[in-house]
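Inside the fold
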Amino acid sequence: MTPGLLYLSASVLCSVTVAVLLKLARRYQVDVRQAIAMNYAVAALLCWAVLRPDPARLLAPQTPWLVLAALGVLLPSVFLAMAAALRHAGIVRSDAAQRLSLFIPLLAAFVLFGEPVGGRKLAAIVLAFSALFCLLRQPPRAQASGAGRPEDSRAMWVWPLAVWAGYGVIDILFKQVARTGTAFAGGLLLAFVLSGLLMLAYLLWRRVRWQARHLAAGVVLGLANFGNILTYVRAHQSLPEHPALVFASMNMGVITLGTLVGALAFREPLTRLNIAGIALALSSIVLMAPW
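Remember, it's a predicted structure, so these values are computed and weren't measured experimentally.

1. Concerning the overall build of the protein chain
- Across its full length, the protein chain carries twelve helices and zero strands.
- Seen in sequence order, the protein chain has helices and strands lined up from the N terminus as α-α-α-α-α-α-α-α-α-α-α-α.
- The globule rule puts the C-alpha radius of gyration for 291 residues at 19 Å, and the 19 Å found for the protein chain is close to it.
- Dimensions of the protein chain, computed from C-alpha atoms along their principal axes, come out at roughly 60 × 55 × 40 Å.
- Burial statistics for the protein chain: of 291 residues in total, 48% are counted as buried.
- Summarising the internal contacts of the protein chain: among those between residues at least 6 apart in sequence, 87% fall at separations of at least 24.
- A total accessible area of about 14,200 Å² is found for the protein chain, and carbon and sulfur atoms account for 67% of it.
- When the 24 basic and 9 acidic side-chain charges of the protein chain are each reduced to a single mean position, those positions are 7 Å apart.

Below, the structure written as structure tokens:
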């Protein structure tokens, strides 16, 4: 296996590991808020140590502080939404919703930036929304189970939908950061720092009781989170002639592995409609990839 494919496999594994860690947080009574705050501290340190952002460019006049501030709010908020989605809807639906969020920047390109709509991209968008509909349909067991409370039923589709929309907006904001000429490493570091400071301020305001085990869980979460980003970047660098392969394999790999882990390890119930949604999601990504 080539280095590029090894990086790609590692990125898929790290992405699903993040979902598994958040899924297990409730079982082991981990405060995800403390874990997410520590995650950003770890990710920021690793970003500084590994990606080596240029300090002089971090505070350049063109630095888009408003966009970075929006990322500072959205990144931890969507991370918390992801934790809620995993708790209520499971890994299969949550990971698929996160990956389908890539179609939001595509829609934004059409609506906000006047990009022409090709037949293939239009078909990919239709498949993606069809997949989202199929995935968010809850299984009959959940409808009939005790949880039969309306709020539990709503949570099974509201939180994955929030993940889908949130990650889509985050993608648009990172693209805006790139358009200003801000270096990737510097923009990522600033986003991590702002997110961590916001979570710290929130936790201090809530007067949480800090515990070492919650922070230790955050260290592991931060390693997996940054590992996902780093290996994905390295995969693109190792396979510069095959961006479509990296793009499609990453998204399809996360959906496929997430489905296997959710169904086999966590016994998440899936209907035929949900399985059809997985197939539609994979098909939409194949169509979306810039082959």
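And the narrative resumes.
2. What about the environment of L230?
- Counting through the fold element by element, L230 comes out in helix α10 (residues 212-238).
- Residues L230 and Y7 lie 223 residues apart in sequence; the distance between their C-alpha atoms is 8.8 Å.
- In contact with L230, not counting residues within four places along its chain, are V50 and L51.

3. Here we look at the packing of helix α4 (residues 65-100) against helix α12 (residues 272-288)
- Contact pair α4 / α12: the axes reach a minimum separation of 11 Å and the direction vectors enclose 25°. In terms of orientation, α4 and α12 fall into the roughly parallel class. The hand of the α4/α12 crossing is left-handed. Residue-level inspection shows V92, R93, A96 and L100 of α4 in contact with α12, the latter providing N274, I278, A281 and S284.
- Looking at the contact of α4 with α12, its residues break down into five nonpolar, two polar and one charged.

4. Considering unusual backbone geometry
- If you check the backbone angles, R52 has positive phi at about 50° while not being a glycine.
- Here R52 is to be found in the loop between α2 (32-51) and α3 (55-58).
- A positive phi angle, close to 55°, is found at R207, a residue other than glycine.
- With respect to the helices, strands and loops of the structure, R207 is situated in the loop between α9 (184-206) and α10.
- Classification of R207 by relative accessible area gives exposed; the value is 76%.

5. Side note on helix α6 (residues 119-135)
- Between its first and last C-alpha atoms α6 spans 24 Å; for 17 residues at 1.5 Å apiece the expected length is 24 Å, and the two agree.
- Of the positions making up α6, those classed as buried are A124, I125, A128, A131, L132, C134 and L135.

6. Comments concerning the confidence of the model for the protein chain
- Confidence in the prediction for the protein chain averages 89 pLDDT; 92% of positions are at 70 or higher.
- Within the protein chain, the lowest mean pLDDT, 51, falls on helix α7 (residues 140-144), and the highest, 97, falls on α2.
- Overall, residues 143-147 carries pLDDT values under 50, and its contacts beyond four positions in sequence, including any with other chains, amount to two contacts.

7. Describing the nonpolar core
- Grouped together as the largest cluster of nonpolar side chains are 55 residues, with contacts concentrated most on L22, C47, L51, L71, F79, F192 and F226.
- For this core, the secondary-structure elements that each account for two or more residues are α1 (3-27), α2, α4, α8 (150-179), α9, α10 and α11 (243-265).
- Here the element with the most residues in this core is α4; it accounts for eleven residues.
- Apart from residues lying up to four places away in sequence, L22 is in contact with F79, M82, A83, L86 and L221.
- Counting 27 residues, the second largest nonpolar core, distinct from the first, contains F110, L132, M288 and A289.

8. Describing the side chain of N274
- For N274, the location among the structural elements is in helix α12.
- At 3.0 Å, the side chain of N274 and the backbone nitrogen of T271 are in polar contact.

9. Let's talk about the pattern of salt bridges
- Using the criterion set out here, one finds three salt bridges in the structure.
- Residue K23 pairs with E268 through a salt bridge whose shortest N-O separation is 3.7 Å. A residue pair is termed long-range when its members are at least 10 positions apart, and K23 in helix α1 and E268 in the loop between α11 and α12 qualify at 245 residues.
- You can call K23 partly exposed: its relative accessible area is 21%.
- Note that R33 and D31 form a salt bridge whose closest N and O atoms lie 3.0 Å from each other.
- For D31, a relative accessible area of 16% gives the class buried.

Reading the values: rules and limits
Residues numbered from 1 in each chain as written. Predicted model: local features only at pLDDT ≥ 70, side-chain atom pairs only at ≥ 80, totals over all residues. Heavy atoms only, no water. Helix = DSSP H or I, 4+ residues; strand = E, 2+ residues; numbered from the N terminus. Rg over C-alpha atoms; globule rule 2.2 N^0.38 Å. Buried < 20%, exposed > 50% of the residue type's maximum accessible area, 1.4 Å probe, protein only. Contact = heavy atoms within 4.5 Å. Areas by Shrake-Rupley, 256 points an atom, 1.4 Å probe, with all protein chains shown as cover. Lys, Arg positive; Asp, Glu negative; His and termini not counted. Charge placed at Lys NZ, Arg CZ, Asp CG, Glu CD. Axes fitted to C-alpha atoms, helices over the stretch in contact; angles between N-to-C directions. Parallel < 35°, antiparallel > 145°, perpendicular 65-115°, else oblique. Left-handed = near helix turned anticlockwise from the far one by under 90°. Nonpolar A, V, L, I, M, F, W, Y, C, P; charged D, E, K, R; others polar. Expected span 1.5 Å × (residues − 1). pLDDT = per-residue confidence, 0-100. Core = buried A, V, L, I, M, F, W, Y, C linked by side-chain atoms within 4.5 Å. Polar contact = N/O pair within 3.5 Å; in protein donor to acceptor, adjacent residues only side chain to side chain. Salt bridge = Lys/Arg side-chain N within 4 Å of Asp/Glu carboxyl O.

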